[in-house]
Structure formats: C-alpha cells, structure tokens
Amino acid sequence: MTAVAVVGTGFIGPVHVEALQRLGITVQGILGSSAEKSEQAARQLNLPTAYRDFQAILDDPAVNVIHITTPNKTHFEMSQRALQAGKHVVCEKPLAMNAKETAALVELARSKPNLISAVNYNIRFYPMVIQAREIVRSGEIGQVYTLRGAYVQDWLLYDTDWNWRLVPEEGGEVRAIGDIGTHWMDLLGFVTGLRVEALLADLATFITRRKKPRQAVATFKGKEQSGPIEYDTVDIRTEDWGAVLFHYDNGARGSMAVSQVNAGRKNQLTFEIAGSKGAIAWDSERPNELWLGHRDRANGHLLKDPSLLSDAARAYANYPGGHNEGFPDTFKQLYRAIYGYLQAGDFSAPKPYPTFEDGHDEVTLCDAILSSHRERRWIDIR
Ligand code: SOE
C-alpha cells in the first residue's frame, strides 16, 4: 500500500498533493514550516495528518514515499534522511545546493536500488515535449546542429519583489540558472539525448538591492500583496539574468538565456532544435503545439491530438484533441510514471522518470556556469 507525505506548503507542495490525489494515490499528510502552516495546509487540502516535524514523517509507518518541496537548502538533508529511513523520495529541483551534495545523494541512492530517488523535472511530461523527443529519435530532423531557447519570467522585476530564492544560503549561489535554467538544460538533454561537454556563461544582477518584507512571502504571491509593508533593504548576490553557450557531445552547439526580470513573460520556456533535415520548436506558454520547420515545403504546426501523436507521447496525453493539457497535468503524468514503476516492482527496469543522476548532472552544470562566469572562460564538463 502506497501512502505519501508532502513536505512544504508553499507554491509547489499543494501542486504535488493535487496531482497525487488526481491519481488516487493516498496522501497521508503534509508538513509546513510551522505547526500552524501544517494544520492549515492539511485542512485546505483535506489530508488526515498535519505533521509536527520531519522526524514524525520518517517515524510514520503508514508513509512509504516522501515528496520534498521545501527551499533548496533543505533538499540534501531531507533526501538523505528519507532514503536512510527506507522511504522513496521525490525531490523538487535543484536536487541540492552544489555538486558535492548531489554526488553524495547519487551514491546513497545507488546503495538503495529498491527505493525510488526521483527529481521533479515535470516539464518533460508535456505530451508535445515527448512528441519532440520522438521526432528527434526517429531521425526526422536529421543530425542535430543547434539548440537554442530561453526560460523567462517577470515575477522578480521590481525591487519590492521578494522570495527566499534570492538568498544564496537558501536557494544556492546561482538563482535564475538554478531555478529555471536547470529546467531548460534538463529538458534539452531529455529531448535530444545529448550531453553538455563544455560551456561558457555570463550572469548579471540588475537589481542589486531589494526590499525584503519582514513577513514571509510565498513564491509568485508578491505581486498580489497590497497595503503598506514593513521591509529591510538587503544586498542581492544572485543573478537576475544569465546566458550560456553549450558544446554538446555530438558537436552540436546550444545557447540558452534565462531571466526573472523580463516584463510580460510570466513563465515561458522556449526551445528550437535545428538539424540537417528539419527543425522543431516548442513554447511552454502554448504547450499543446509543436512547430515543425522545413526548408523545401511549408512549415508545419502540430496540435496535440492523441490520434496524431507517437505511441510514447500518446501514453502521456489523457484528453482528446482540443482539450488542453497544462502545468498541473505534467505533475500528474510524472507521478503516473513514478508510481507505475513503483507498483510494477522491477527496480532493474529502465527508469521512466528523472533520477538523482539527472539532478546531479544539472547541479554540476550550475557549478560550472558559476565558475565560467566568475573566471570569464569556457569550462569542460567531465
Ligand atoms: C519559480 O521561479 C518557479 O516556481 C520554479 O521554481 C518552478 O520550477 C517553475 O515551474 C516555475 O517557477
């Protein structure tokens, strides 16, 4: 019998709970940063248990899976303790604060082959992303030459916008790169199967001082606040913007830009992959569409319709054509993959979900991006 505990009551914890509930998976309870927050979340989400602390989850024999959705600085210790206590782990990205921590988690996960150790790269699970992967795999666009794209947001545009991610001790030394760049890098690796061999990065912080409210503000909620707020002015040491050039292992070249201060772009990931025979492009703000680029005939525009998709993409499309599948559906599909694997019980089978190895790869890239920016040079990825 599977039962889950979710740690974290901010923006993303309830998204996990809702997706699990849609699949009929028992969510035993939730833990927030205070007793009050745990109780409030348990009430709102209709869960039986408001945990008092993380140890109470580890001690709960009813719980065999833990979803970690707390600030990044807690991921390492919680994942470690959960695996050591024999619980399966689904951890939010980035997996930990640096590659030293993620390497230790990979080693621990390897010593527990019968436990799930997954990282929540949900964007992989849009049906049209899986379709893009199938197109690349089938050879339809030929040899991949270039990958380009961006992940841009505007929720940190003003100096009055505040979030724990701004603080390196809470979120890590790279912010926009760690928070949204890792999604892009993971996704492009997933779609093309290519690995980064070397990179060159440039980072910038435009808002060097911000007004930190004395009251905590949940992610994306800052824009909804009204009325006078008491705050302290603090120096900002993490980047608002970043650009990275990549060399991939087949000789392909890539370029990615990320920004959390791009007015009007709420939460947009885009990519275009161009090969020797054709190209494909996708935009997360229009996730049910895929652009097909041709040189000698009219370009194509594929709308999500299970009857038009490859078997692999159809397996993750639950609604008929014209019925849009979006952000919350990607969590549901990711958990279908994870919990289907758990239920099948063959832990030697290939894993259909992002693993701690994938989480380690992304954090390794983050560390290299920071070094490249600081040292103003290309960095090889070993
Ligand atoms: C905040 O920038 C954030 O919530 C990311 O942490 C998520 O991974 C992304 O889905 C949306 O933006």
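Refer to the structure above for everything that follows.
Trainee: Tell me about the site of the ligand, and please be specific about residues and values.
Mentor: The immediate surroundings of the ligand are formed by Phe11, Lys93, Tyr151, Gln153, Trp155, Arg165, Asp179, His183, Phe220, Gln260, Asn267 and Phe327. Within the side chain of Trp155, an N or O atom sits 3.5 Å from an oxygen atom of the ligand. Contact between the ligand and His183: an oxygen atom at 2.8 Å from a side-chain N or O atom of the residue. Only strand 7 (144-153) and helix 8 (176-192) provide two or more residues apiece to the shell around the ligand. Within the shell around the ligand, the residues separate by chemical class into five nonpolar, four polar and three charged.

Trainee: Break down the packing of aromatic side chains for me, citing the residues and quoting the values.
Mentor: All told, the structure shown has ten aromatic pairs when counted by the stated rule. Residues Phe125 and Tyr316 carry aromatic rings whose centres are separated by 5.3 Å and whose planes lie at 80° to one another, so their mutual orientation is edge-to-face. Linking Phe125 in the loop between strand 6 (117-119) and helix 6 (127-138) with Tyr316 in the loop between helix 9 (311-314) and helix 10 (327-344), this pair joins segments that are 191 residues apart in sequence. Comparing Phe125 with Tyr316 shows no difference in burial state: the two are buried. Centre to centre, the rings of Phe327 and Phe331 are 5.0 Å apart; their planes meet at 65°, and the pair counts as edge-to-face. Of the two residues, Phe327 and Phe331 both sit in helix 10, four residues apart, roughly one turn of that helix. When its relative accessible area of 30% is taken as the criterion, Phe327 is described as partly exposed. A relative accessible area of 1% means that Phe331 is categorised as buried. Ring pairs connect the aromatic residues Phe11, Phe327, Phe331 and Tyr335, which therefore count as one cluster.

Trainee: I'd like to hear about the sheet that holds strand 14 (residues 279-283), residue by residue, with values.
Mentor: As summarised here, the arrangement of the nine strands in space is 16-15-14-13-7-12-11-8-17, forming an open sheet in which the pairing is mixed. Both outer strands of the open sheet, strand 16 (300-303) and strand 17 (379-380), are each paired with one neighbouring strand and no more. Running at roughly 25° to strand 15 (residues 289-293), helix 6 makes contact with strand 7, strand 13 (267-275), strand 14, strand 15 and strand 16 of the sheet. Contacting strand 8 (196-204), strand 11 (241-248) and strand 17, helix 11 (residues 356-375) runs over the sheet at an angle of about 60° to strand 8.

Trainee: Which residues make up the state of the cysteines, and what are the values?
Mentor: Covalent bonding between the sulfur atoms of two cysteines is what defines a disulfide. If you walk through the whole model with that rule in mind, you get zero disulfides. Not engaged in a disulfide, the cysteine Cys91 finds its nearest cysteine sulfur in Cys366; these two sulfurs lie 14 Å apart.

Trainee: Could you give an account of the pairing of strand 1 (residues 3-7), with specific residues and numbers?
Mentor: The two faces of the sheet receive side chains in turn, since in a regular strand these alternate between them. In terms of burial, strand 1 is largely enclosed, as five of its five residues are buried. Where strand 1 meets strand 2 (residues 26-31), five bridges bridge the pair, whose relative direction is parallel. Residue pairing for strand 2: Val4 is matched across the bridge by Val27. Each parallel crossover has a hand, and for strand 1 linked through helix 1 (residues 13-22) to strand 2 it is right-handed. As defined by bridge partners, strand 1 adjoins strand 4 (residues 65-68) across four bridges and the pair is classed as parallel. Residue pairing across strands places Ala5 opposite Ile66, the latter belonging to strand 4.

Parameters and conventions
Residues numbered from 1 in each chain as written. Predicted model: local features only at pLDDT ≥ 70, side-chain atom pairs only at ≥ 80, totals over all residues. Heavy atoms only, no water. Near = heavy atom within 4 Å. Polar contact = N/O pair within 3.5 Å; in protein donor to acceptor, adjacent residues only side chain to side chain. Helix = DSSP H or I, 4+ residues; strand = E, 2+ residues; numbered from the N terminus. Nonpolar A, V, L, I, M, F, W, Y, C, P; charged D, E, K, R; others polar. Phe/Tyr/Trp six-rings, centres within 6.5 Å; stacked < 30°, edge-to-face > 60°. Buried < 20%, exposed > 50% of the residue type's maximum accessible area, 1.4 Å probe, protein only. Pairing = 2+ DSSP bridges. Contact = heavy atoms within 4.5 Å. Axes fitted to C-alpha atoms, helices over the stretch in contact; angles between N-to-C directions. Disulfide = S-S within 2.5 Å. Right-handed = clockwise from strand over helix to strand, strands pointing away.

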